[in-house]
Amino acid sequence: MQQVLDTQRDFFCSGRTKDLDSRKKVLIKLKNILKLNEQALYEAIYQDFKKSEFDTYSSELALIYHDIEDAISNLKRWAKPQKIKTNWANMPAKSRIYKEPLGCSLIIGAWNYPYQLSLCPAIAAIAAGCTVVIKPSELPKNTSAVMAKLINNNFDPGFLYVAEGGIPETTELLNLKWDKIFFTGSVPVGKIVYAAAAKNLTPVTLELGGKSPAIISQHCKLDITAKRLSWAKFLNAGQTCIAPDYVIVHSSIADKLVAAIQSEIEKSSYHTDNQNYVQIIDQKNFDRVSRLIDNNKLALGGICDIQNRTISPTLLYPASWEDKSMQDEIFGPILPILVYDKLDDALKRIKTLTHPLSAYIFTEKSSEKRSFLKQLSFGGGSINDAVMHIANSNLPFGGVGNSGIGSYHGKAGFDAFSHSKSILHKGTLFEPNLKYSPISNTKLTWIKRLLKLG
Ligand code: NAD
């Protein structure tokens, strides 16, 4: 690993990543290679956890292709020195912010969207002019292998390289001195990454998880709410970091909402006998998720097929804050449904938990939308939808507090791998004497006047 980093350090110091055209060429090449090998990508992910071609394209490859196109079209604008207003005290001068690549970056991916979560940060890093080592999650071993094969056979390892492996290999990588570490994964491992980065003062982006609430008001449009909510929760068998983790619904419509979600699930393709229903990634996660099902509260589902590693869409209703399913992030197809009477009480209760990665409210009432936005702190979210904010790459994506540090997608991704170098470019035509000796009260009066500080 040290050798890989040394190669990348030499490559970076050669200045070859500084040229915008060479960054674009790498991005175009990446897109072409992925397009040419789409079938291999589909087969690998299906072998890993039965994710269908439809889901893989719409929730992974489409985002990757979009990020590449976005970076290619906007790179010149993102990288352009930014003109900044100069203050009176420094006149005559020009002020600029120059974007420069941070250097050699390490990207550690999670397993649930294995292509997207490794490659989208890599696209941002390449666009910013960093070299990249990707360490994909080891759990979906076929997707990790196909990414390693496609990238390591086609790119200069000095610019872009995939290092496969689990905890020992990641630990080895974390012991090296990187210029940027971008991590996607769980809160406990995020803390390990942060501690390792601190030893070298390496800047980090941490994309973590948490319990993301969906609040359903009595002023929502029930049918569309149930449709959007069910899709967002059970997509990828609930293994989505921004899936609604639990629902909290107004008591007057709770029964109706449960019935509407049941009906949506029946109409959908989220069935364990569907060959395209996504599996739980491994036995350890299967055991963890299935243990969260409380049979006394089962309103739908609860079928755990150990042979196929599938769990049917499961509704727990009425759930309570003390339930097993309400203690940690679920990260599986189980939806606890809690009930509230006053929105303010619901918001107050949610606020006692750590900041979630996402939060959602379904309501037509403006005052409720305002309360939600004003009172809750969370990474990002949607009003009257769930998950779909990730599909707008103009919105920076990331957490706050326990759900993460920093953000990416679009320009935010470029910025995450860049340093903003602030430069004051002073003119030399004249030099006022105000700051120089001998000092005097008249000079002080003038300084106060010029600075307008009273
Ligand atoms: P994880 O933390 O177990 O693993 C993530 C990565 O860290 C993997 O590459 C793994 O090899 C490595 N790793 C695991 N243990 C390690 C250790 N002890 N030392 C060093 N490296 C280690 O997370 P996961 O199970 O892959 O993903 C699930 C979690 O990720 C959930 O909490 C989910 O919410 C979160 N997530 C967040 C986002 C986001 O964008 N914010 C996206 C997807 C998943």
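Residues numbered from 1 in each chain as written. Predicted model: local features only at pLDDT ≥ 70, side-chain atom pairs only at ≥ 80, totals over all residues. Heavy atoms only, no water.

Caption draft 1: Quick look at the site of the ligand. In the vicinity of the ligand, 25 residues are found, and the nearest of them are Trp 111, Glu 138, Ser 186, Leu 208 and Glu 329. The backbone of Gly 109 places a nitrogen or oxygen atom 2.8 Å from an oxygen atom of the ligand. At 2.8 Å from an oxygen atom of the ligand is found a side-chain nitrogen or oxygen belonging to Lys 135. For the shell around the ligand, the secondary structure elements donating two or more residues are helix H7 (167–174), strand S6 (180–184) and helix H8 (187–199). Looking at the shell around the ligand, its residues break down into 13 nonpolar, 8 polar and 4 charged. Each of domain 1 (2–208 + 404–419) and domain 2 (213–398) accounts for three or more of the residues forming the shell around the ligand. (Near = heavy atom within 4 Å. Polar contact = N/O pair within 3.5 Å; in protein donor to acceptor, adjacent residues only side chain to side chain. Helix = DSSP H or I, 4+ residues; strand = E, 2+ residues; numbered from the N terminus. Nonpolar A, V, L, I, M, F, W, Y, C, P; charged D, E, K, R; others polar. Domains from an automatic or database assignment.)

Caption draft 2: Structural detail: unusual backbone geometry. Omega for the peptide link from Met 91 to Pro 92 comes to -5°, which places this bond in the cis form. Structurally, the position occupied by Pro 92 is in the loop between strand S1 (82–84) and strand S2 (93–101). In the segment running from Tyr 317 into Pro 318, the intervening peptide bond is cis, with an omega of -5°. Note on placement: Pro 318 falls in the loop between strand S13 (314–316) and strand S14 (334–340). If you check the backbone angles, Lys 50 has positive phi at about 60° while not being a glycine. Looking at the element boundaries, Lys 50 is found in the loop between helix H3 (38–49) and helix H4 (53–79). Positive phi values are uncommon outside glycine, yet Ala 237 reaches one of about 55°.

Caption draft 3: Geometry of the domain arrangement of the chain. The assigned domain composition of the chain is domain 1 (2–208 + 404–419) and domain 2 (213–398). Placing a centre on the C-alpha atoms of domain 1 and another on those of domain 2 gives a separation of 30 Å. The interface is formed by 25 residues belonging to domain 1 together with 23 residues belonging to domain 2. Taking both sides of the interface into account, the surface hidden between domain 1 and domain 2 amounts to around 2000 Å²; carbon and sulfur atoms contribute 55%. If you sort the residues of domain 1 by the area they bury against domain 2, Phe 49, Lys 50 and Trp 111 come out on top, with a joint share of 28%. There are 0 salt bridges connecting domain 1 and domain 2. Linking domain 1 with domain 2 are 8 residue pairs in polar contact (both at pLDDT 80 or more). Every element with two or more residues in the side of domain 1 that touches domain 2 is listed here: H3, H4 and helix H14 (410–416). With 5 residues, the top contributor of residues to the side of domain 1 that touches domain 2 is H4. (Contact = heavy atoms within 4.5 Å. Buried area = accessible area lost by both parts, 1.4 Å probe. Salt bridge = Lys/Arg side-chain N within 4 Å of Asp/Glu carboxyl O.)

Caption draft 4: Structural detail: empty space enclosed by the protein. A complete count under the given rule lists 2 cavities of 30 Å³ or more for this structure. In this model, the largest cavity occupies a volume close to 80 Å³. Among the elements of the structure, H4, helix H5 (114–128) and H14 are those that each provide at least two residues to the lining of the largest cavity. Considered class by class, the residues forming the lining of the largest cavity number 7 nonpolar, 2 polar and 2 charged. Of the pockets and cavities examined, the second largest cavity occupies roughly 50 Å³. Considering the residues around the second largest cavity, the lining is formed by Gly 210, Ser 212, Lys 233, Gly 238, Thr 240, Cys 241, Ala 243, Pro 244, Asp 245, Glu 329, Ile 330 and Phe 331. Residues that form the lining of the second largest cavity fall into these classes: 5 nonpolar, 4 polar and 3 charged. (1 Å grid on protein atoms, 1.4 Å probe; cavity = no way out; pocket = protein on both sides within 12 Å on 5 of 7 lines; lining within 4 Å. Points joined across faces, edges and corners; volume = space filled by probe spheres on them.)

Caption draft 5: The side chain of Lys 211, seen in detail. On the secondary structure map, Lys 211 appears in the loop between strand S7 (204–207) and strand S8 (213–216). There is a polar contact of 2.5 Å between the side chain of Lys 211 and the side chain of Asp 245. Within the local environment of Lys 211, its side chain forms a polar contact with the backbone oxygen of Ser 325, the two atoms lying 2.8 Å apart. In this structure, Lys 211 is in contact with Asp 245, Tyr 246, Ser 325, Met 326, Gln 327, Asp 328, Glu 329, Ile 330 and Pro 356, ignoring residues within four places of it in sequence.

Caption draft 6: Inspection of the packing of helix H2 (residues 20–36) against H4 at higher detail. Taken N-terminus to C-terminus, the directions of H2 and H4 make an angle of 170°; their axes are 10 Å apart at the nearest point. By the angle between their axes, H2 is roughly antiparallel relative to H4. In this structure, H2 uses Leu 20, Arg 23, Lys 24, Leu 27, Ile 28, Leu 30, Lys 31, Leu 34 and Lys 35 to contact H4, whose residues at the interface are Ile 64, Tyr 65, Ile 68, Glu 69, Ala 71, Ile 72, Leu 75, Lys 76 and Ala 79. Classifying every residue of the contact of H2 with H4 gives 12 nonpolar, no polar and 6 charged. (Axes fitted to C-alpha atoms, helices over the stretch in contact; angles between N-to-C directions. Parallel < 35°, antiparallel > 145°, perpendicular 65-115°, else oblique.)

Caption draft 7: Quick peek at the packing of aromatic side chains. Summed over the entire model, instances satisfying the criterion amount to 11 aromatic pairs. Relative to Phe 331, the ring of Trp 111 lies with its centre 5.4 Å away and its plane at 80°, an arrangement referred to as edge-to-face. Highlighted residues: Trp 111 in the loop between strand S3 (104–108) and H5 and Phe 331 in the loop between S13 and S14, separated in sequence by 220 residues. Side by side, Trp 111 and Phe 331 carry an identical accessibility label, which is buried. Taking the centre distance of 5.6 Å and the plane angle of 75° together, the rings of Tyr 246 and Trp 321 count as edge-to-face. One end of the pair, Tyr 246, is in strand S9 (residues 246–250); the other, Trp 321, is in the loop between S13 and S14, with 75 residues separating them in the sequence. On the accessibility criterion, Trp 321 (18% relative accessible area) is buried. Taking NZ or CZ as reference, Lys 180 lies 5.6 Å from the ring centre of Phe 417, over its face. Residue placement shows Arg 449 over the ring face of Trp 446; its charged tip is 5.0 Å from the ring centre. (Phe/Tyr/Trp six-rings, centres within 6.5 Å; stacked < 30°, edge-to-face > 60°. Buried < 20%, exposed > 50% of the residue type's maximum accessible area, 1.4 Å probe, protein only. Lys NZ or Arg CZ within 6 Å of the ring centre and 35° of its normal.)

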